[in-house]
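Each chain is listed here by its residues.
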Amino acid sequence: MNRWGKGLLIAALVGVVAMAFRVSWNALKDVATATGADETAATLYPFVVDGLMALALVATLVLTGDARRFALRVLAAYTLASLVLNYVHGLVPELHDKGVDWGRLADWDPANWALVLLATSLPVGSIYFGSDLVAKVLHHRPIEHPTTTPNQDQSTETYVNRSTADLEVSPPAPITPTPAPAELPAAPVVSLVKSTDRVPVGAVAAESTRPRRATGRVPDVARSSRPTRTAEQLLTEARTAAADWTDRELTAEGIRKAVRTSPAKARVLRDTLRAEREQSAGTGEAVA
């Protein structure tokens with residue numbers, strides 16, 4: 001709907017509400033006069049009742065949560081009270097006279113007492129509920145919703161019992177057993193001590209009385225006592241550990257924990273053992 005259409009709709013709604021207020025204003029003024037209100041009070045009485053209804057309606061559009069439910073209750077209560085008073089105005093002929101004066105709202109005494117109590121308590125309720133609604137609206141802080149991107153609405157999947165070793169990646173080629181195992185290249189030894197053999201030209205070594213610390217290779221005691229295993233040794237250990245495992249239990253994570261190796265090597269060992277099992281199964285079917 002364009003701006004012109006919205007403006008026309010709002011103007012029509014305001015007109016309908018204004019005409020409805022005028023109709024209700026006549027009935028509420030006569031009721032206020034019958035309960036003992038003077039001319040000024042009777043003129044302002046419809047604004048007290050129907051005006052609070054408009055205020056409560058606006059509050060329901062602004063407030064949220066419990067405050068909005070409170071505004072809806074006030075709106076419902078004053079709408080019902082205005083309906084009852086308009087209904088009484090239509091039932092009592094004495095209220096339709098041009099010179100309405102103080103009188104009864106009903107012939108039955110209990111009904112008259114209840115209607116007078118209702119009509120006289122609405123202004124007091126308007127003071128309390130109207131002040132409360134205004135305070136709630138002034139202290140209301142709207143909830144700021146963060147801007148969402150199109151990709152943010154997509155749900156993310158979380159895998160709980162799955163490690164990085166079982167993720168589907170392109171593993172290297174399976175290990176083929178060879179009669180002559182090849183030694184894995186030893187890790188190069190990197191010296192952590194900066195060489196001091198070269199002395200810049202023009203620099204003079206300062207004499208120091210502090211004893212120099214011995215430098216050289218890292219002693220064997222400080223090195224890791226765990227030997228470097230070859231690919232064939234890892235495959236042998238994996239075969240022994242997974243001999244009683246089922247195909248479902250044969251995972252890279254299980255092999256990694258059993259032989260204590262890296263996730264990449266565990267994936268290679270998993271694929272190799274699976275290939276051997278498939279090959280042995282095919283050979284058994286061929287013999288049978």
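Placed above this text is the structure.
Residues numbered from 1 in each chain as written. Predicted model: local features only at pLDDT ≥ 70, side-chain atom pairs only at ≥ 80, totals over all residues. Heavy atoms only, no water.

Enquirer: I tried to follow a nonpolar patch on the surface on my own but got confused; where do I start?
Expert: A cluster of nonpolar side chains, Leu 55, Val 134 and Leu 138, forms an exposed patch at the surface whose accessible area comes to about 260 Å². With respect to the secondary-structure elements, Leu 138 resides in helix 4 (residues 109-138). Assessed through its relative accessible area of 67%, Leu 138 is described here as exposed. (Patch = residues over 30% accessible without salt bridge, like charges linked within 9 Å, V, L, I, M, F, W, Y side chains within 5 Å. Areas by Shrake-Rupley, 256 points an atom, 1.4 Å probe, with all protein chains shown as cover. Salt bridge = Lys/Arg side-chain N within 4 Å of Asp/Glu carboxyl O. Helix = DSSP H or I, 4+ residues; strand = E, 2+ residues; numbered from the N terminus. Buried < 20%, exposed > 50% of the residue type's maximum accessible area, 1.4 Å probe, protein only.)

Enquirer: Would you explain the side chain of Thr 60 in this entry?
Expert: Positionally, Thr 60 belongs in helix 2 (residues 39-62). Excluding anything up to four places from it in sequence, Thr 60 contacts Arg 68, Ala 71 and Leu 72. (Contact = heavy atoms within 4.5 Å.)

Enquirer: Sorry if this is basic, but what is going on with unusual backbone geometry here?
Expert: Note: most residues except glycine have negative phi, and most peptide bonds are trans. Non-glycine residue Arg 260 carries a positive phi angle of around 55°. Exposure remark for Arg 260: the relative accessible area of 61% places this residue in the exposed category.

Enquirer: Can you help me understand the nonpolar core in this one?
Expert: Considering soluble globular proteins, one finds that nonpolar side chains tend to be buried as a cluster. Of all hydrophobic cores here, the largest spans 29 residues; its most connected members are Tyr 45, Val 74, Tyr 78, Leu 85, Leu 105, Leu 122 and Leu 133. Elements with a contribution of two residues or more to this core: helix 1 (3-34), helix 2, helix 3 (65-91) and helix 4. Here the element with the most residues in this core is helix 3; it accounts for nine residues. Beyond its immediate stretch of four places on either side in the chain, Leu 122 contacts Tyr 45, Val 48, Val 49, Tyr 78, Ala 81 and Leu 85. Counting nine residues, the second largest nonpolar core, distinct from the first, contains Leu 235, Ala 238, Val 259 and Leu 269. (Core = buried A, V, L, I, M, F, W, Y, C linked by side-chain atoms within 4.5 Å.)

Enquirer: Please explain the packing of helix 3 against helix 4 as it appears in this structure.
Expert: Between two packed helices, both the angle of their axes relative to each other and the distance between the axes serve to describe the pair. Where helix 3 contacts helix 4, the axes come no closer than 11 Å and their chain directions differ by 155°. Overall, the two elements helix 3 and helix 4 adopt an arrangement that is roughly antiparallel. Handedness of the helix 3/helix 4 crossing: left-handed. Residues Ala 67, Phe 70, Ala 71, Val 74, Tyr 78, Ala 81, Val 84, Leu 85 and Val 88 of helix 3 pack against Leu 115, Leu 118, Ala 119, Leu 122, Gly 125, Ser 126, Phe 129, Asp 132, Leu 133 and Lys 136 of helix 4. Grouping the constituent residues of the contact of helix 3 with helix 4 by class yields 15 nonpolar, two polar and two charged. (Axes fitted to C-alpha atoms, helices over the stretch in contact; angles between N-to-C directions. Parallel < 35°, antiparallel > 145°, perpendicular 65-115°, else oblique. Left-handed = near helix turned anticlockwise from the far one by under 90°. Nonpolar A, V, L, I, M, F, W, Y, C, P; charged D, E, K, R; others polar.)

Enquirer: Mind showing me how you'd approach the packing of aromatic side chains here?
Expert: Two aromatic rings are characterised by how far apart their centres lie and by the angle between their planes. All told, the structure shown has two aromatic pairs when counted by the stated rule. Plain terms: the ring middles of Tyr 128 and Phe 129 are 5.1 Å apart, the flat faces sit at 70° to each other, and that makes the pair edge-to-face. For Tyr 128, a relative accessible area of 54% translates into the label exposed. You can call Phe 129 partly exposed: its relative accessible area is 26%. Chaining the aromatic ring pairs together yields one cluster made of Phe 70, Tyr 128 and Phe 129. For the cation-ring pair, Lys 136 lies above Phe 70, with the distance from its terminal atom to the ring centre recorded as 5.4 Å. (Phe/Tyr/Trp six-rings, centres within 6.5 Å; stacked < 30°, edge-to-face > 60°. Lys NZ or Arg CZ within 6 Å of the ring centre and 35° of its normal.)

Enquirer: Hey, could you run me through helix 3 in this one?
Expert: Every α-helix winds through 3.6 residues per turn, so residues three or four apart in the chain are directed the same way. An ideal rise of 1.5 Å per residue puts 39 Å on 27 residues; helix 3 measures up with 40 Å between its terminal C-alpha atoms. The complete set of buried residues in helix 3 reads Ala 67, Phe 70, Ala 71, Val 74, Leu 75, Tyr 78, Ala 81, Ser 82, Leu 85, Val 88 and His 89. On the buried face of helix 3, the contacting elements are helix 1, helix 2 and helix 4. (Expected span 1.5 Å × (residues − 1).)

Enquirer: How should I be thinking about the layout of surface pockets in this particular structure?
Expert: Which parts of space are left empty comes out when a probe the size of a water molecule is rolled across the atoms. Taken as a whole, the largest pocket encloses approximately 340 Å³ of empty space. Taken together, 15 residues form the lining of the largest pocket, with Val 17, Phe 21, Asp 50, Met 53 and Ala 54 sitting closest to its centre. At seven residues, helix 2 tops the list of elements feeding residues into the lining of the largest pocket. Each residue belonging to the lining of the largest pocket can be placed in one class, and the counts come to nine nonpolar, five polar and one charged. (1 Å grid on protein atoms, 1.4 Å probe; cavity = no way out; pocket = protein on both sides within 12 Å on 5 of 7 lines; lining within 4 Å. Points joined across faces, edges and corners; volume = space filled by probe spheres on them.)

Enquirer: I'm lost on the packing of helix 2 against helix 3 in this one. Help?
Expert: Between helix 2 and helix 3, the shortest axis-to-axis distance is 8 Å and the interhelical angle comes to 150°. When the axis of helix 2 is compared with that of helix 3, the two are roughly antiparallel. Viewed along their axes, helix 2 and helix 3 form a crossing whose handedness is left-handed. Contact with helix 2, carried on its side by Tyr 45, Val 48, Val 49, Asp 50, Leu 52, Met 53, Ala 56, Leu 57, Ala 59 and Thr 60, involves Arg 68, Ala 71, Leu 72, Val 74, Leu 75, Tyr 78, Thr 79, Ser 82 and Leu 85 of helix 3 and no other residues of that element. Of the residues in the contact of helix 2 with helix 3, the class split is 14 nonpolar, three polar and two charged.

Enquirer: Help me understand helix 5 (residues 231-241), please; the structure alone is not making it clear to me.
Expert: Among all positions of helix 5, only Leu 234, Leu 235 and Ala 238 are buried. Buried residues along helix 5 cover an arc of 100° about the axis, so they all sit on one side. (Arc of directions from axis to C-beta.)

Enquirer: I would appreciate a short explanation of the environment of His 139 in the present structure.
Expert: Inspection of the secondary structure assignment puts His 139 in the loop between helix 4 and helix 5. A residue is classified by how much of its surface remains accessible, and His 139, at 66% relative accessible area, is exposed. A sequence separation of 76 residues divides His 139 from Leu 63, and the C-alpha atoms of the two residues are 9.8 Å apart.

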